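Per-entry structural report
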Amino acid sequence: MRIVNVAAAQMGPIQKAETRQAVVARMLALMDEAKGRDADLIVYPELALTTFFPRWFMTDQAEVDAWFERDMPNAATRPLFERAARHGMAMSFGYAELTSDGHHFNTAILTDKRARIIGKYRKVHLPGHAEFDPKRSFQHLEKRYFEPGDLGFPVWRALGGVLGMCICNDRRWPETYRVMGLQGVEMVVLGYNTPSVNSQKKDEGAQKRLFHNRLSVQAGAYQNSTFVVAVAKAGSEDGHPMIGGSLIVDPEGEIVAQAKTEDDELLVHACDLDDTAFGKKTIFDFARHRRIEHYGLITSQTGAIAPD
Ligand code: ING
């Protein structure tokens, strides 16, 4: 038995005017609740410290950069690291990273139980656009504000197992899970901010978005025999609704915990990492069953590339 008692800390909306200090106070309350439920690890959403600012069209780089963190930890987030160390709890959360040499990434970190950062991931699959388009009912400008991640899909030995991270749109791409699966990942943690409606497909509403959220995470878990913990930033941010539906999925693709609200809500589940072994030994025994001689297209540029 290699139990990781994981807490999925879904967060309700963060309004544009809300301060990082106010958000950190909410995150600390969730962390204290997780401690009360003996969590070993707490997972927060993508861009957990601020509103989902890529919905706003900005032209002034100083205004854009105000949404980013230059250091981690920093004055606003240090209370999180101090409380996590005191609780003996590992944590993962997403934030906008501005590096010392001026690069902008949609980033997530993983700490150990002493609040030391042991892993960093930078979002590879950036959805949305780089330019404002008046035809869209709302904007999704991640390609304007972030660069694609430059760290690949690493995994880390942590909490007695092998952990990996990805972020939001990454969860829709089988390649994301497979690269980590090929490294033996046993638990993938991720956060997301997913609009309840599709700015380019009027009739696609929240129920379809929630279905695709479950489908993507359950498929990734089953097809790589890994736990997946997917955590929403949910609810209406300045009038822009986002889905909740945070969930914990086991290596057989079963949902073992799921959020009921669109607010701050904690899910906790005791994940036995040994449960990943059967799938890795039978169906997904990569060494015995993969036929890479037929997989070339997956890493090729051929085929129609959809216009931006
Ligand atoms: N958000 C959305 C997501 O991938 C999206 C964007 C929604 C793309 C629905 C396609 C369909 O969940 C982020 N932040 O990636």
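Residues numbered from 1 in each chain as written. Predicted model: local features only at pLDDT ≥ 70, side-chain atom pairs only at ≥ 80, totals over all residues. Heavy atoms only, no water.

**Looking at the nonpolar core**
Among the nonpolar cores identified, the biggest contains 46 residues, and Val-6, Leu-41, Met-187, Val-229 and Ile-248 are the most heavily contacted of them. For this core, the leading source of residues is strand 9 (residues 227-232), giving six residues. Membership of the second largest hydrophobic core comes to 28 residues, among which are Met-31, Leu-80, Tyr-95 and Ile-109. (Core = buried A, V, L, I, M, F, W, Y, C linked by side-chain atoms within 4.5 Å. Buried < 20%, exposed > 50% of the residue type's maximum accessible area, 1.4 Å probe, protein only. Helix = DSSP H or I, 4+ residues; strand = E, 2+ residues; numbered from the N terminus.)

**Points about the site of the ligand**
By nearness alone, 13 residues border the ligand, and Glu-142, Cys-168, Asn-169, Arg-172 and Thr-194 come closest of all. Between Asn-193 and the ligand, the recorded distance is 2.9 Å, taken from a backbone N or O atom to a nitrogen atom. At a separation of 2.6 Å, an oxygen atom of the ligand approaches a polar side-chain atom of Thr-194. Protein coverage of the free-state accessible area of the ligand, which is 360 Å², stands at 85%. (Near = heavy atom within 4 Å. Polar contact = N/O pair within 3.5 Å; in protein donor to acceptor, adjacent residues only side chain to side chain. Areas by Shrake-Rupley, 256 points an atom, 1.4 Å probe, with all protein chains shown as cover.)

**Examining the pairing of strand 5 (residues 117-122)**
Bridging between strand 4 (residues 104-111) and strand 5 involves five bridges; their strand directions are antiparallel. By the bridge assignment, Ala-108 is partnered in strand 5 with Tyr-121. (Pairing = 2+ DSSP bridges.)

**So, the pattern of salt bridges**
Under the defined criterion, the tally for this structure stands at 23 salt bridges. Two residues, Arg-37 and Glu-33, come together in a salt bridge whose shortest N-O distance is 3.5 Å. Its relative accessible area of 37% is what places Arg-37 among the partly exposed residues. Two residues, Glu-142 and Lys-123, come together in a salt bridge whose shortest N-O distance is 2.8 Å. Of this pair, Glu-142 sits in helix 4 (residues 142-145) while Lys-123 sits in the loop between strand 5 and helix 4, and the two are 19 residues apart along the sequence. Here the salt bridges do not stand alone but share partners, grouping Glu-97, Lys-120, Arg-122 and Asp-150 into one network. (Salt bridge = Lys/Arg side-chain N within 4 Å of Asp/Glu carboxyl O.)

**Some remarks on the layout of surface pockets**
In this model, the second largest pocket occupies a volume close to 440 Å³. In terms of lining residues, the second largest pocket is bounded by 18 residues, among which Pro-174, Glu-175, Arg-178, Val-179 and Ile-298 are the most central. Broken down by secondary-structure element, the contributors of at least two residues to the lining of the second largest pocket are helix 5 (174-181) and helix 6 (206-223). Broken down by element, the residue count for the lining of the second largest pocket peaks at five residues, all from helix 5. The residue makeup of the lining of the second largest pocket, split by class, is eight nonpolar, five polar and five charged. (1 Å grid on protein atoms, 1.4 Å probe; cavity = no way out; pocket = protein on both sides within 12 Å on 5 of 7 lines; lining within 4 Å. Points joined across faces, edges and corners; volume = space filled by probe spheres on them. Nonpolar A, V, L, I, M, F, W, Y, C, P; charged D, E, K, R; others polar.)

**Observations concerning empty space enclosed by the protein**
Taken as a whole and judged by the stated rule, the model has one cavity of 30 Å³ or more. One number sums up the size of the largest cavity: a volume of about 60 Å³. Along its surface, the largest cavity is lined by 14 residues, and Tyr-44, Gly-94, Ala-108, Leu-190 and Gly-191 are the ones closest to its centre. For the lining of the largest cavity, the elements supplying multiple residues, two or more each, are strand 3 (90-98), strand 7 (161-167) and strand 8 (187-192). Considering only residue class, the lining of the largest cavity consists of 10 nonpolar, three polar and one charged.

**Things to note about the sheet that holds strand 12 (residues 247-249)**
The mixed open sheet is built from six strands, whose spatial order is 6-7-8-9-12-13. At either margin of the open sheet sits one strand with a lone partner, and together these are strand 6 (155-158) and strand 13 (255-258). Ignoring strand direction, the axes of neighbouring strands in this sheet form an average angle of 20 degrees. Both strand 6 and strand 7 contribute to a ladder of four bridges, which runs antiparallel. Looking at the pairing, Arg-157 lines up with Val-162 of strand 7. (Axes fitted to C-alpha atoms, helices over the stretch in contact; angles between N-to-C directions.)

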